[in-house]
Amino acid sequence: MEQSIQKKRWGVERRLEFIEFVSYWEGTINRSHIMERFGVSAPQASSDLTAYQQLAPKNLRYDLSSKRYISTDEFECKLIKPDADRYLKQLTALSTESVEPEDTWLNSTPAAEVIPIPTRKVEPIILFGILKAIRLRRSIEIEYQSLNPTTSDILWRRVTPHAFASDGFRWHMRAYCHRDNRFKDFLLSRCSGTRGEAEPGLGVEADEKWRTYFEVKLAPNPRLSTSQKKAIEHDYAMQNGQAVLPVRYALLYYFDKRLRYDLLPQHSTNSQGDPREIPIVIANQAEYAAALATVGVQFRTNPDKTA
């Protein structure tokens, strides 16, 4: 009985959060929004709206002409913390058609477009097998196509997976490779089969590069003007002129590669060219180079060669 009450209470709280989220971001809400999103009856939706008005009496007013609630100028969130990133992630998902509208909390959205990128197909049965191996802490054989010139053929290899990682474009599996006796990353899209659960190899507790982090410190390009530096500090939510990003050592290679593609920080702080094209730089370059070396990546300092 207690569990049932808690579940019911959680359901009401979730719907009240939904009312506040939609009202805050979209400026309006009505019963049908709640009914469609949660599958509740019209009386229940009305009850939820009444409950929210009791919680935040100054936030909504009922408009008779449109038969909906309108957000007031005195709107103040009581249940959620406004999070632009949360809204934009849902908008991104809708724009890329990776989710259905009913899987988000967005009802009416502005026109939006996301630059398309090539997708890497991951077979559900492959993901299922790997997830099962992680859950049961077992090893598994994967049929894997490597682009390494020494092992270019598709081979079966035994791995003990323990985590997943994304570089923003592709999903990888972090696993102990029984053949090479070390932890490696395997692209999920290059796995074409799984089989043979067995005893595990080393687990996450032995994967030091996964368990430890390096703090990358980003700062505005020193060649920018004072006002431009302030703009960059605001863009990246910097504190005391820096943004500190903790990155797993195991992911430093992907971070370094993605950073050069997306932000063009081109590690040198005295490079030629328009500093507005190189808005941020790595402030702790020496430490960053040493960290990259531990994962077998060479630190590049010539911006003309890294672009």
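Here the structure is shown first, and the text comes after it.
Structure report, in brief. All values derive from a computational prediction rather than experimental measurement. (Residues numbered from 1 in each chain as written. Predicted model: local features only at pLDDT ≥ 70, side-chain atom pairs only at ≥ 80, totals over all residues. Heavy atoms only, no water.)

**Quick notes on the overall build of the chain**
Here's step 1: Helix and strand counts for the chain come out as 10 helices and 11 strands.
Here's step 2: Relative to its full complement of 307 residues, the chain shows a buried share of 37%.
Here's step 3: Contacts in the chain between residues at least 24 apart in sequence constitute 57% of all its contacts with a sequence separation of at least 6. (Helix = DSSP H or I, 4+ residues; strand = E, 2+ residues; numbered from the N terminus. Buried < 20%, exposed > 50% of the residue type's maximum accessible area, 1.4 Å probe, protein only. Contact = heavy atoms within 4.5 Å.)

**Topic: the packing of aromatic side chains**
Here's step 1: According to the stated counting rule, one finds 13 aromatic pairs in the structure shown.
Here's step 2: Their ring planes at 85° and their centres at 5.3 Å tell us that F18 and F38 sit as a pair that is edge-to-face. Here F38 lies in helix α2 (residues 31–38) and F18 lies in helix α1 (residues 2–26), a separation of 20 residues in the sequence.
Here's step 3: A residue is classified by how much of its surface remains accessible, and F18, at 0% relative accessible area, is buried.
Here's step 4: Pairing Y24 with W25 gives two aromatic rings, centres 5.0 Å apart and planes at 85°, and the pair type is edge-to-face.
Here's step 5: The class of Y24 is partly exposed, set by a relative accessible area of 36%.
Here's step 6: Here W25 falls in the partly exposed class, since its relative accessible area comes to 29%.
Here's step 7: These aromatic residues form a ring-pair network of at least three members: F18, F21, F38 and W105.
Here's step 8: Over the face of the ring belonging to W156 we find R195, whose NZ or CZ atom lies 3.9 Å from the ring centre. (Phe/Tyr/Trp six-rings, centres within 6.5 Å; stacked < 30°, edge-to-face > 60°. Lys NZ or Arg CZ within 6 Å of the ring centre and 35° of its normal.)

**Re the sheet that holds strand β9 (residues 213–220)**
Here's step 1: Spatially, 3 strands are ordered β10-β9-β11 in an open sheet, and the strand pairing comes out antiparallel. The sheet terminates laterally at β10 (243–248) and β11 (280–282), the two strands that pair on one side only. With direction set aside, neighbouring strand axes in the sheet form an average angle of 35°.
Here's step 2: Pairing geometry for β9 and β10, over 6 bridges, is antiparallel. Across the sheet, L218 pairs through a bridge with A243, a residue of β10.
Here's step 3: Its contacts with the sheet put helix α9 (residues 285–294) on β9 and β11, and the angle it makes with β9 is roughly 145°. (Pairing = 2+ DSSP bridges. Axes fitted to C-alpha atoms, helices over the stretch in contact; angles between N-to-C directions.)

**Side note on the environment of A51**
Here's step 1: Checked against the element boundaries, A51 lands in helix α3 (residues 42–55).
Here's step 2: Assessed through its relative accessible area of 27%, A51 is described here as partly exposed.
Here's step 3: On a C-alpha basis, the gap between A51 and V12 in space is 9.3 Å, while along the polypeptide they are 39 residues apart.

**A word on the environment of L127**
Here's step 1: By the element assignment, L127 lies in helix α5 (residues 124–136).
Here's step 2: Taking the relative accessible area as the measure of exposure, L127 reaches 32% and is therefore partly exposed.
Here's step 3: In sequence terms L127 and T194 are 67 residues apart; their C-alpha atoms lie 9.2 Å from each other.
Here's step 4: Setting aside residues no more than four positions away along its own chain, L127 makes contact with V122, F164 and L188.

**Digging into unusual backbone geometry**
Here's step 1: Here the phi dihedral of K67 falls at roughly 55°; this positive angle occurs in a residue that is not glycine.
Here's step 2: In this structure, K67 sits in the loop between β2 (60–63) and β3 (68–71).
Here's step 3: Positive phi is not limited to glycine here, since A237 has a value of about 50°.
Here's step 4: The residue A237 is located in the loop between α7 (226–235) and β10 in this model.
Here's step 5: The class for A237 is exposed, based on a relative accessible area of 58%.

Spatial relationships are all this shows, so hold off on functional conclusions.
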